[in-house]
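# An overview of the molecular structure
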Amino acid sequence: MKVLVTGGTGFTGSRVVPLLFQNGFEVRCLTRPSSDRAPLSTLTVEWVTGDLSDAESLTSAMHGVDALVNIASLGFGHADTILGSMKEAGVKRGIFVSTTAIFTQLNAGSKSIRLAAEEAIHTSGLDYTILRPTMIYGSNRDRNMWRLIRLLRITPAMPIFGDGESLQQPIFVDDVAQAVLLALKTNDTIGRSYNIAGKEPLTYNQVIDTVAAALGKRVWKLHLPYMPIVRLLQFTERIGLRLPIKAEQVLRLNEDKSFSYEEAKRDFGYRPRSFEEGIRSEISKLP
Ligand SMILES: NC(=O)c1ccc[n+]([C@@H]2O[C@H](COP(=O)([O-])OP(=O)(O)OC[C@H]3O[C@@H](n4cnc5c(N)ncnc54)[C@H](OP(=O)(O)O)[C@@H]3O)[C@@H](O)[C@H]2O)c1
């Protein structure tokens, strides 16, 4: 079976593509002229150059494949072009990586684009499966836990905006890759959308404690009231001052983000690792 992968050079994609190879798939990757193909350089990928915003390049990349694995974000408004190209090229099967961020109560910028993308996929008439991961971590390409590990490694104290009791359920990147593979191989997933998450929800305090324990240390958690910080950040954003953290990130940290993956378990045998297991394997790779 031959698949076209978009986003194959990214953090998640670079773990999905090798797994597809290991499982006997032929893989064609759509990349932009600027894409760094190095993460996949040891594999016999068929490379095609194009862009999700360019219907012609996308349709031509799809000719001759049996399925699309769309890992590139649905948050940039390309869904209609992707679905149109699939129809044009006669590709009926598609796995689409979305995000549980569509459930946020916050007025996040890309939420409406992502919801519209999912709606377009639902009504496309194609054999789709949507996978919605929570926050993805694992490898030094992750922009979340890898940073936290490096920070907690050197600091005796960690400021936390809020009481740290909101729930998180981060998913290990290889579990996302496994979910993509299983969904692709399981016809029962056609026409369905699945939330996929780490094994269990944890409070942010537990996230900090788990990482610190895996580093073999204790970190003092310094809880700060978060609304004054949010207001301050919103003010700095209004006057155009750039800080490393945004008001929306602080608000999101204080929102519960736990999601059941029971349907994924039932339909395609999804079984994620625990956060402790994922973090310990990351820490074992530290130089
Ligand atoms: N990271 C998370 O915590 C997280 C959580 C939940 C859901 N997700 C979802 O998971 C998916 C993968 O996320 P990620 O963090 O692994 O992404 P990433 O590292 O940012 O990689 C994005 C990939 O998409 C490609 N891409 C972006 N725009 C493109 C365009 N216009 N045309 C062609 N290719 C384009 C990039 O190509 P280049 O190499 O050219 O840049 C890259 O390969 C996304 O759909 C994201 O929304 C991520």
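The numbers attached to residues start from 1 for each chain and follow its sequence in the written order. For a predicted model such as this one, the threshold for reporting local features is a pLDDT of at least 70, and the threshold for listing and counting side-chain atom pairs is 80 or more; totals across whole chains, interfaces and linings nevertheless cover every residue. Side-chain calculation: all heavy atoms of the structure are included, whereas hydrogens and water are not.

Let us look at the domain arrangement of the protein chain. Often, the extent of an interface is quoted as the loss of accessible area upon association of its parts. Residue ranges assigned to the domains are those given by an automatic or database domain assignment. Each assigned domain of the protein chain is listed with its residue range as follows: domain 1 (2-133) and domain 2 (145-165 + 202-253). On a C-alpha basis, the centres of domain 1 and domain 2 stand 32 Å from each other.

Before going further, it helps to spend a moment on the sheet that holds strand β2 (residues 26-31). Any two strands with at least two DSSP-identified bridges between them are counted as paired. Helical segments are the DSSP runs of H or I of at least four residues, strand segments are the runs of E of at least two, and each set is numbered from the N terminus. Taken in spatial order, the 7 strands line up as β3-β2-β1-β4-β5-β6-β11 in an open sheet, and their pairing is parallel. Two strands in the sheet have a free side with no partner beyond their single neighbour: β3 (46-49) and β11 (192-196). Averaged over neighbouring strand pairs, the angle between their axes works out to 20° when direction is ignored. Direction of pairing for strand β4 (residues 67-70) relative to strand β5 (residues 93-97): parallel, over a ladder of 4 bridges. Bridge pairing in β5 links Ala67 to Arg93. Relative to β2, helix α1 (residues 13-22) is tilted by about 160°, and along the sheet it contacts β1 (2-6) and β2. Here, two residues are considered to be in contact whenever any of their heavy atoms come within 4.5 Å of each other. Convention adopted: a line fitted to C-alpha atoms gives each axis, helices being fitted over their contacting stretch, and angles between N-to-C directions are expressed from 0 to 180 degrees. Packing of helix α4 (residues 111-122) onto the sheet brings it into contact with β5, β6 (127-133) and β11, and relative to β6 it is tilted by some 155°.

Below, the discussion takes up the site of the ligand. Taken together, 23 residues form the shell around the ligand, and within it Thr9, Thr12, Ser35, Ile71 and Arg143 come nearest. Here a polar contact means two N or O atoms within 3.5 Å. Within protein one must be a hydrogen donor candidate and the other an acceptor candidate, and residues neighboring in sequence count only if both atoms are side-chain atoms. Within the backbone of Val97, an N or O atom sits 3.4 Å from an oxygen atom of the ligand. Measuring from an oxygen atom of the ligand, one finds a backbone N or O atom of Ile136 at 3.0 Å. Surface accessibility follows the Shrake-Rupley procedure with a 1.4 Å probe radius. Residue values consider only the protein chains on display as shielding. Protein burial of the ligand: of its 920 Å² of free accessible surface, 81% is covered by the chains. Residues that form the shell around the ligand fall into these classes: 8 nonpolar, 11 polar and 4 charged. We call a residue near a molecule or strand whenever a single non-hydrogen atom of that residue lies within 4 Å of it. For this scheme, ten residues count as nonpolar: Ala, Val, Leu, Ile, Met, Phe, Trp, Tyr, Cys and Pro. Four count as charged, namely Asp, Glu, Lys and Arg, and the remainder, Gly too, count as polar.

It is worth spelling out the packing of aromatic side chains at this point. The criterion for an aromatic pair is that two Phe, Tyr or Trp rings (for Trp, the six-membered ring) have centres within 6.5 Å, with stacked assigned to planes under 30 degrees apart, edge-to-face to planes over 60 apart and tilted to the rest. Taken as a whole and assessed by the stated rule, the structure comprises 6 aromatic pairs. The interplanar angle of 35° and the centroid separation of 5.6 Å between the aromatic rings of Phe103 and Phe259 together place this pair among those described as tilted. Within this pair, whereas Phe103 is found in the loop between β5 and α4, its partner Phe259 is found in the loop between α9 (247-253) and α10 (262-268), the two being separated by 156 residues in sequence. A relative accessible area of 35% means that Phe103 is categorised as partly exposed. Looking at Phe259, the relative accessible area reads 15%, which means it is buried. Seen in terms of ring centroids, Tyr194 and Phe268 are 5.0 Å apart; in terms of plane orientation they differ by 90°. Their pairing is edge-to-face. Of the two residues, Tyr194 sits in strand β11 while Phe268 sits in helix α10, which places them 74 residues apart along the sequence. Burial here depends on accessible area, computed with a 1.4 Å probe over protein chains only, as a share of the maximum for the residue type. Under 20% is buried, over 50% is exposed, and the range in between is partly exposed. By relative accessible area, which is 6% here, Phe268 ends up buried.

Below, the discussion takes up the environment of Cys29. Within the element layout of this structure, Cys29 appears in strand β2. Placed 256 residues apart in sequence, Cys29 and Lys285 show a C-alpha to C-alpha distance of 28 Å.

Turning next to helix α5 (residues 145-154). For α5, the set of buried residues is Met145, Trp146, Leu148, Ile149 and Leu152. Mapping the buried residues of α5 onto a view down its axis gives an arc of 160°, with all of them on the same face. Opposite the buried face of α5, by more than 90 degrees, sit the exposed residues Arg147 and Ile154. Note: the arc covers the axis-to-C-beta directions of the helix.

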